[in-house]
Amino acid sequence: MRELSQRVTAAIEASKAEVGVVIRHVESAQEVAHRADVPVPLASVVKVPVLVEAFHQIRTGKVALDDRLELSADVKALGSGVLTLLDDGLSLTVRDLLTLMTVISDNTATDLLMRRLGIDAIAERMRRLGLAGIHVVHTIGEIFADMLPSADPDQDRAALAAWEAANGVRRDGFAYSLGPDNNVGTPRDMARLLEMIVTGVALDRQGCDAMLDILHAQQLRDRLPRFLPPGVRMAHKTGTFSGIRNDCGVISGEGGRGHVVIAMLTSWDHSAVRNDPRADRRRAQQIDDCFGEVGLAAYETFFA
């Protein structure tokens, strides 16, 4: 583990960001960790706990994958996704929403599901799994409403981007809190949650395999899988907002060589580059390269 630890440390130092990470080979319990117990806003990584609670309610019969939820203006959320562009009244299955929430990180799909499942139920699922470092208390729409002057998805997005570049997001509310009043998690507990999904402990084998199938379909693959060889399977979920870049997932080895869970949560000073698009892009790439180096180091340590 010494070489892996050295590679992870070098990648973190090069990123010049605050990085927490846990890398754990599930079958052997070998682990490398850095700032593993420091909470970070989860951003869209919160969608993994939502996924877990959804499949719990599917197993208990409270929800079915074929149940349909109606899209409405009051649940549309800013940020990633496509549902804000579609007509109100659209009927989507729970299966559709889980897929959209995960593979393109659709925020409106997430909030529809959170409303149906109940935020308290999602939080209670984490407590029942013993994951005291993961807190889920807000919808995605509430997070945006706290950090921006308006969370209206129909507002002029170009004007909003110009306002954010000039002023920055609000950081004195709950959206950037590191306490239980925000959607936060630690790398250690996010890694534990992923391990529970891999081993079937989070639910049952059928439900956990269904979750992994959705996570494997992830389309946003520019962080932990960034430098992995073609064909390597990784089930994961990213999360992003100003000054926060996260990714948590599972690399599966071929030929029975097991699984590696990686939970990596980062924070950084976005204010220094927010008004310079080229510098902003370079800074984001620098941090994403750190994710890629960590993912590659983990893969080469256990599977190459």
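See the structure shown above.
Cut-offs used in this document
Residues numbered from 1 in each chain as written. Predicted model: local features only at pLDDT ≥ 70, side-chain atom pairs only at ≥ 80, totals over all residues. Heavy atoms only, no water. Helix = DSSP H or I, 4+ residues; strand = E, 2+ residues; numbered from the N terminus. Buried < 20%, exposed > 50% of the residue type's maximum accessible area, 1.4 Å probe, protein only. Polar contact = N/O pair within 3.5 Å; in protein donor to acceptor, adjacent residues only side chain to side chain. Contact = heavy atoms within 4.5 Å. Core = buried A, V, L, I, M, F, W, Y, C linked by side-chain atoms within 4.5 Å. Pairing = 2+ DSSP bridges. Axes fitted to C-alpha atoms, helices over the stretch in contact; angles between N-to-C directions. Expected span 1.5 Å × (residues − 1). Arc of directions from axis to C-beta.

(A) Local environment of the side chain of Arg-245. Mapped onto the fold, Arg-245 is located in strand S8 (residues 244–252). Using a relative accessible area of 10% as the deciding quantity, one classes Arg-245 as buried. Engagement of the side chain of Arg-245 in a polar contact is seen with the side chain of Asp-288, the distance being 2.9 Å. Once residues within four sequence positions are removed from consideration, Arg-245 is found in contact with Arg-223, Gly-239, Thr-240, Met-264, Leu-265, Thr-266, Trp-268, Ala-284, Ile-287, Asp-288 and Phe-291.

(B) A look at the nonpolar core. With 69 residues, the main nonpolar core has Leu-98, Met-147, Met-190 and Leu-193 as its most contacted residues. With seven residues, the top contributor of residues to this core is helix H8 (residues 187–199). Beyond its immediate stretch of four places on either side in the chain, Leu-193 contacts Val-48, Pro-49, Val-52, Met-126, Leu-129, Leu-131 and Ile-134. Core analysis: the next-biggest nonpolar cluster, separate from the first, contains 29 residues, Val-32, Ile-251, Tyr-299 and Phe-303 among them.

(C) Fine view of the sheet that holds S8. Taken together, five strands build an open sheet; the order of strands is S2-S1-S9-S8-S7 and the sheet is antiparallel. Only two strands of the sheet have a single neighbouring strand rather than two, namely strand S2 (31–34) and strand S7 (233–241). Along the sheet, successive strands turn relative to each other by an average axial angle of 5°, direction set aside. When strand S1 (residues 18–25) meets S2, the two strands line up antiparallel, connected through four bridges. Considered in S2, the bridge of Ile-23 is made with Val-32. Against the sheet, helix H9 (residues 205–216) touches S7 and S8, its axis set at about 65° to S7.

(D) Quick peek at H9. End to end, H9 covers 16 Å across twelve residues, agreeing with the expected 16 Å (1.5 Å per residue, within 8%). If you check which residues of H9 are buried, you get Gly-207, Cys-208, Met-211, Leu-212, Ile-214, Leu-215 and His-216. Contacts from the buried residues of H9 go to helix H2 (47–60), helix H3 (94–103), H8, S7 and S8.

(E) Broad picture of the pairing of strand S9 (residues 259–267). The element S9 is extensively covered by neighbouring structure, given that seven of its nine residues are classed as buried. Pairing between S1 and S9: eight bridges, direction antiparallel. Note that in S9 the partner of Gly-20 across the bridge is Leu-265. Sheet topology note: the S8/S9 ladder contains nine bridges and is antiparallel. Bridging from a neighbouring strand, Val-250 pairs with Val-261 of S9.

(F) Examining helix H6 (residues 140–147) more closely. Along H6, the positions that sit buried rather than exposed are Ile-140, Ile-143, Phe-144, Asp-146 and Met-147. Projected onto a plane normal to the axis of H6, the buried residues spread over an arc of 160° and lie on a single side. Those residues of H6 that are buried are in contact with H2, helix H4 (107–117) and S7.

(G) Spatial organisation of unusual backbone geometry. One non-glycine residue, Ala-29, lies in positive phi territory at about 65°. Structurally, Ala-29 can be placed in the loop between S1 and S2. For Ala-29, a relative accessible area of 40% translates into the label partly exposed. Positive phi outside glycine occurs at Arg-35, with the angle close to 50°. One can find Arg-35 in the loop between S2 and strand S3 (40–41). Look at Arg-35 and you get partly exposed, because its relative accessible area is 36%.

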